[in-house]
Amino acid sequence: MKVLFVASECVPFIKTGGLADVIGALPGALAALGIEVRVLLPAYPSVNAALPKKAKTVVIGKLPGGRARLRAAKAKGFDLLALDLPQLFDRPGNPYLGPDGKDWPDNHLRFGALCRAAARIATEGVGGWRPDLVHTHDWQGGLVPAYLKLGSAKERAAAPPCVITIHNIAFQGLFPATTRSELGLPDSGFTHSGFEFFGQVGFLKAGLAYAERITTVSPTYARELTTPEFGLGLEGLIAHRRAALTGILNGIDLEVWNPESDPAIAAPYAVNRLAAKLKNRAALAERFRLDGAAPGPLFCVVSRLTRQKGLDLLLEALPRLLDRGARLVVLGSGDADLEKAFATAARENPGRVGVVTGYDEPLSHLMQAGADAILVPSRFEPCGLTQLYGLRYGTLPVVARTGGLADTVIDANEAARLSGVATGFQFSPVTAAALGDAIERTCDAFADRKLWTGMMRRAMKHPVGWQTSAAAYAKIYSAMLKDTALQTATSRTGA
Ligand code: ADP
Ligand code: GLC
């Protein structure tokens, strides 16, 4: 089976969050199941730099935003198709924001072009390769099924089925109604049941309206998305399409995130060699200039600093954490007010709170290895990956009971402790008070060495790889191909 992935980020080429981790790992897990994946990415400078000089170039013709070429090559284990349109993508840094920190004003053209290119590859093929289906991701890939469904009769006849994965519904790709002519979208689709969203063009809305299947990144988030609190205006459509929707948990790359061989940490360790984790703890404490003799656990945060992540609640609960003799280290970047508030907390609590503002991949590994617990107090979290890295590194997750956090961490309540299944701590509602309680529960558990070590061991053995989830995607792909074959047969017989 041949699958075209369409995405705006992919580790190790370009990353702003978990989407990149998923696109960087899932194709490999699907390949192990005999599925051939090619990944279509915009040719950002970092993507171009990773392509071999002799990458094959194919002219793909006119797209929204100009004439484009595709550069096709194998790079870093991926079979890449890079959409080369320098006037749109030859911009270094964050893939969505300009130097002023605001969205690029032509983002509709940039990702419209990506989707148009995907639809062309899907219907006409590239260099003799044509996918059996398209798997597109988030709003940046949202227009692919719209182009496939609203094209000419010839294009529609050649169109393979498409599945869209929602990684985060808070980003919907909304643009003024007038952009639809630049995007080459027909007026017939500018309706409630098409790509229109309250008078605007909605990229994600288009994906949800036209894709054969919809997935999201955890079963709980799939349920949450049908409610107004989480669906953000798309809950009606999602509930309507419930039969086409599946929640599949993200996995993690077990090679990149492996405490036994991670080059970014101070000392390798494993479930049967836990003592070496303490060397990482010492290295982390030194890196953040923490004072040595804290009696409580060392908590860490590795996160975008945005309202989604609930880190304002952590600032409120901080006095309770410090009163228990615990320590906190934070690595994050994002909203200026949160960056400032955490920097202030570090200044006011030297030796007890350490903060690095910015993005630092190697440091994020050392934090997972060195901390005792990782805090993820998100208001909503489609899946979340840092709690999965925490499990793998024996760094117990303390998480809000929402989305994928609820699905991946087993709370250390009394029953779970008695039956020996707990891997972390959950709290609900998502308030500073409940977070503070969870932090105190974590401190209590930390003081009970036998309980804590048992939980660490269990966490490290918890399956967090891609195997099960890749098989779940493969099952959906097969069902899609079967549906298409059935439809073709039905239309041939005129039934
Ligand atoms: P989201 O995609 O919503 O940001 P996830 O938990 O799915 O949340 O993924 C976040 C990814 O980004 C993880 O790989 C995490 O380690 C990484 N990350 C977030 N902030 C930073 C940072 N400041 N430095 C390094 N890595 C970070
Ligand atoms: C989004 C979500 C996060 C998820 C990631 C990868 O960025 O916020 O919860 O883990 O996508 O699917």
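Everything that follows concerns the structure shown earlier in this document.
Below is a short write-up of the structure. (Residues numbered from 1 in each chain as written. Chains lettered and ligands numbered in written order. Predicted model: local features only at pLDDT ≥ 70, side-chain atom pairs only at ≥ 80, totals over all residues. Heavy atoms only, no water.)

### A closer look at the site of ligand 2
Defined as follows: Here a residue is considered near a molecule or strand provided that any single heavy atom belonging to it is located within 4 Å of it. Counting of polar contacts relies on pairs of N or O atoms within 3.5 Å, with two restrictions inside protein: one atom must be capable of donating a hydrogen and the other of accepting it, and residues adjacent in sequence are counted only when both atoms are side-chain atoms. Here the accessible surface of atoms and residues is derived via Shrake-Rupley with a 1.4 Å probe, and residues count as covered only by protein chains that are part of the display. Runs of E in the DSSP output that reach at least two residues are strands. Runs of H or I that reach at least four are helices, and both are numbered from the N terminus. Under this grouping Gly is polar, as are all residues other than the nonpolar Ala, Val, Leu, Ile, Met, Phe, Trp, Tyr, Cys and Pro and the charged Asp, Glu, Lys and Arg. Residue ranges labeled as domains rest on an automatic or database domain assignment.
Close to ligand 2 lie 14 residues; His167, Asn250, Glu381, Cys383 and Gly384 are nearest. Pro382 is positioned with one of its backbone polar atoms (N or O) 3.4 Å from an oxygen atom of ligand 2. Burial of ligand 2 by the protein amounts to 93% of the accessible area it has alone, namely 310 Å². The dominant element in the shell around ligand 2, judged by the number of residues it contributes, is helix α1 (residues 18-31), at three residues. Taken together, the residues of the shell around ligand 2 sort by class into six nonpolar, six polar and two charged. For the shell around ligand 2, the domains that each give at least three residues are domain 1 (2-251 + 467-493) and domain 2 (274-461).

### Structural notes on the packing of aromatic side chains
We apply this condition: Under the pairing criterion, centres of Phe, Tyr and Trp rings, with the six-membered ring standing for Trp, must be within 6.5 Å; the plane angle then separates stacked pairs below 30 degrees from edge-to-face pairs above 60, leaving the rest tilted. Each residue gets one of three labels from its accessible area relative to the maximum for its type: buried under 20%, exposed over 50%, partly exposed in between, using a 1.4 Å probe on protein chains only. Here, over-ring charges are defined by two tests on the NZ atom of lysine or the CZ atom of arginine: distance to the ring centre within 6 Å, and angle to the ring normal within 35 degrees.
Scanning the entire structure with this criterion turns up 14 aromatic pairs. Considering the side-chain rings of Tyr96 and Phe111, the 5.9 Å spacing of their centres and the 50 degrees angle between planes classify their relative orientation as tilted. On the criterion of sequence distance, the pair formed by Tyr96 in the loop between α3 (86-89) and α4 (107-124) and Phe111 in helix α4 is long-range, its members being 15 residues apart. Across the pair, exposure class does not vary: Tyr96 and Phe111 are buried alike. With centroids separated by 5.7 Å and ring planes inclined at 55 degrees, the aromatic side chains of Trp139 and Phe175 adopt a geometry described as tilted. Placement of the pair is Trp139 in the loop between β6 (133-137) and α5 (144-150) and Phe175 in strand β8 (residues 174-175), with a sequence separation of 36 residues. With respect to class, Trp139 is no different from Phe175; both count as buried. Its guanidinium or amino end placed over the ring of Trp129, Arg38 lies 5.1 Å from that ring's centre, counting from NZ or CZ. Over the face of the ring belonging to Trp104 we find Arg91, whose NZ or CZ atom lies 4.5 Å from the ring centre.

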